[in-house]
Amino acid sequence: MTQLKATQPLTPCRTCKNMVCRTRSTDCHGVHDESLAAYHEDVHTGETALAASALVDDGRAGALNRAEEVIEFCRTRDYTSIGVAYCFGMKTLAMEFCDMLENAGFQTAPVSCTSGAVKEREIDVRKETETVSCNPAGQAMVLNRKKLDLVVEIGLCLGHDIIFHKLIEHPHTVLVVKDRTSFHNPSAAFSSYQDGAADFITSLDNSFAMKSPEWLAEQMNFDEALTVIDLRGAEAVAKARIPGSVHIPLKQLPQLHTRLDREHKIVCVCNGSVQSAYAIMFLHTRGFKQVFNLSGGFSRWQKEAFPTVGTE
């Protein structure tokens, strides 16, 4: 393959410190007019840009996870049929995503990377194995035959994704990038990136996010932007709980945390402040920045005679 030589100097973005394109409206690359024309002269490009902007406008940035963003984007564009190109090793995840799409009212067309039943030795003549190969070319061809508004890619291997991107004819986006070493989160390889758990640990003060019953009682009297989550079992909560608390069992928190207000202070309560430590770490990794653990849990709250209510 012939190595193409660059006809323009390397991008100044590498050495730019002030991001003058954003801060001073400076066009360093000379593409302002040409790119603007692309949005106004091509209907699909312009409408796609507007739909993308709608996901972050009015403080919505960070309010949806990527799967939810895909669904919201498709609604904004009035899409009805979504293809899903997935790695066979991620079939369970892909089918769960298809369920999400279908529950949201979309038709889905999932296609595995092994579609076509091409064997490894048929692609690489040096091999003698009868093992079926990943076949991103065939995967793209199957999807190209279908009437689809969008194709969502899940976990294709590096190289296979390049082939797929070259051959797919539908608009497409990526939901999951495969990285077997980091639970499919490639950004974890960079020192400038901290995952939610690491960020949580480094952000802890000397109290380790523990708050006393006295502090919580005061907050309940004066701070309306406060949510107290009771993580205990239903039987314990029925006997006695902190007034105004919301019952979310710890194991249901991953499914129900989206109902919580990210702008509120969140205080997690279990019986002895152990389970609540897991809860505040989880919430922090999901973007909740004011999360606290009731020191001593509900048993200390009750022992020190702070008010409780019961439904039994």
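Everything here concerns the structure above.
Along each chain, numbering runs from 1 in the same order as the chain's sequence is written. Selection of residues for local features in this predicted model requires a pLDDT of at least 70, selection of side-chain atom pairs for listing and counting requires 80 or more, and totals for whole chains, interfaces and linings are taken over all residues. As a rule here, side-chain values come from all non-hydrogen atoms in the structure, and water together with hydrogens is ignored.

A. Main features of the overall build of the protein. Secondary structure elements follow DSSP: runs of H or I no shorter than four residues count as helices, runs of E no shorter than two count as strands, and numbering proceeds from the N terminus. Looking only at helices and strands, one finds 14 helices and 9 strands in the protein. C-alpha atoms define the radius of gyration, and 2.2 Å times the number of residues to the power 0.38 defines the globule rule. At 25 Å, the protein has a C-alpha radius of gyration far larger than the 20 Å of a compact globule built from 312 residues. Its C-alpha atoms put the protein at 80 × 55 × 40 Å along the principal axes. For the protein, buried positions account for 34% of its 312 residues. Contact between two residues is taken to exist if any of their heavy atoms lie within 4.5 Å; hydrogens are not considered. Nonlocal contacts in the protein, meaning residues at least 24 apart in sequence, comprise 62% of its contacts between residues at least 6 apart. In short, Shrake-Rupley with a 1.4 Å probe defines the accessible areas, and a residue's cover is counted only from the protein chains shown. Counting every atom, the protein has about 19900 Å² of accessible surface; 53% of that belongs to carbon and sulfur. Mean positive and mean negative side-chain charge positions of the protein (32 and 38 charges, respectively) differ by 5 Å. Here's how the labels work: a residue is buried when its accessible area is under 20% of the maximum for its type, exposed when over 50%, partly exposed in between, all with a 1.4 Å probe on protein chains only. As used throughout, the charge tally considers Lys and Arg to be positive and Asp and Glu to be negative, leaving His and the chain termini uncounted. Note that the charge is assigned to NZ on lysines, CZ on arginines, CG on aspartates and CD on glutamates.

B. Here's a closer look at the sheet that holds strand β1 (residues 81–86). If DSSP finds at least two bridges between two strands, the strands pair. The strand order across the open sheet formed by 4 strands is β2-β1-β3-β4, and the pairing between neighbours is parallel. Both outer strands of the open sheet, β2 (107–112) and β4 (172–176), are each paired with one neighbouring strand and no more. Strand-to-strand twist in this sheet, taken as the mean axis angle between neighbours without regard to direction, amounts to 25°. By the bridge criterion, 5 bridges tie β1 to strand β3 (residues 150–154) in an arrangement that is parallel. Each bridged residue has a counterpart across the sheet, and for isoleucine 82 the counterpart in β3 is leucine 150. Axes, fitted as lines to C-alpha atoms, cover a helix only where it is in contact. Angles between the N-to-C directions of the axes lie from 0 to 180 degrees. Against the sheet, helix α4 (residues 66–76) engages β1, β3 and β4, with an angle of about 155° to β4.

C. Up close: the pattern of salt bridges. Here a salt bridge means any side-chain nitrogen of Lys or Arg lying within 4 Å of a carboxyl oxygen belonging to Asp or Glu. As enumerated under the stated definition, the model contains 7 salt bridges in all. Salt bridges here are not isolated pairs; linked through shared partners, they connect Lys119, Arg121 and Glu130.

D. View of a nonpolar patch on the surface. A grouping of Met141, Ile163 and Leu167 is seen on the molecular surface, where their side chains present a nonpolar patch of about 250 Å² in accessible area. Mapping leucine 167 onto the fold places it in helix α8 (residues 160–167). A patch consists of residues exposed above 30% relative accessible area that lack any salt bridge, with like charges linked at up to 9 Å and nonpolar side chains (Val, Leu, Ile, Met, Phe, Trp, Tyr) linked at up to 5 Å.

E. Fine view of the environment of threonine 45. Summarising the element assignment, threonine 45 is placed in helix α3 (residues 43–54). Discounting chain neighbours no more than four positions away, the residues touching threonine 45 are Ala38 and Tyr39.

F. Looking closely at the sheet that holds strand β6 (residues 226–230). Strand order in the open sheet formed by 5 strands is β5-β9-β8-β6-β7, and the pairing between neighbours is parallel. Pairing within the sheet leaves two strands with one partner each, and these edge strands are β5 (210–211) and β7 (246–247). Where strand β8 (residues 265–269) lies against strand β9 (residues 291–294), 3 bridges are found, and the strand directions are parallel. Paired with cysteine 268 across the bridge in β9 is asparagine 293. Those strands touched by helix α10 (residues 213–222) are β5, β6, β8 and β9, and its axis lies near 130° from that of β6.

G. Just the packing of aromatic side chains, in detail. Pairing of aromatic rings covers Phe, Tyr and Trp, the last counted by its six-membered ring, and requires centre-to-centre distances within 6.5 Å; plane angles under 30 degrees mean stacked, over 60 mean edge-to-face, and any other angle means tilted. Tallied over the entire structure, the rule returns 3 aromatic pairs. Its guanidinium or amino end placed over the ring of tryptophan 215, lysine 211 lies 5.2 Å from that ring's centre, counting from NZ or CZ. A ring is scored as having a charge over it whenever the NZ atom of a lysine or the CZ atom of an arginine sits within 6 Å of its centre and within 35 degrees of its normal. Across the ring face of phenylalanine 298, the terminal group of arginine 232 is positioned such that the distance to the ring centre comes to 3.9 Å.

H. Quick look at the packing of helix α2 (residues 32–41) against α3. Running from amino to carboxyl end, α2 crosses α3 at an angle of 95°, the nearest separation of the two axes being 5 Å. By the angle between their axes, α2 is roughly perpendicular relative to α3. Contact with α2, carried on its side by Ala38, Tyr39 and Glu41, involves Val43, Thr45, Gly46 and Ala49 of α3 and no other residues of that element. In these notes the angle categories are as follows: under 35 degrees is roughly parallel, over 145 is roughly antiparallel, 65 to 115 is roughly perpendicular, and the rest is oblique.

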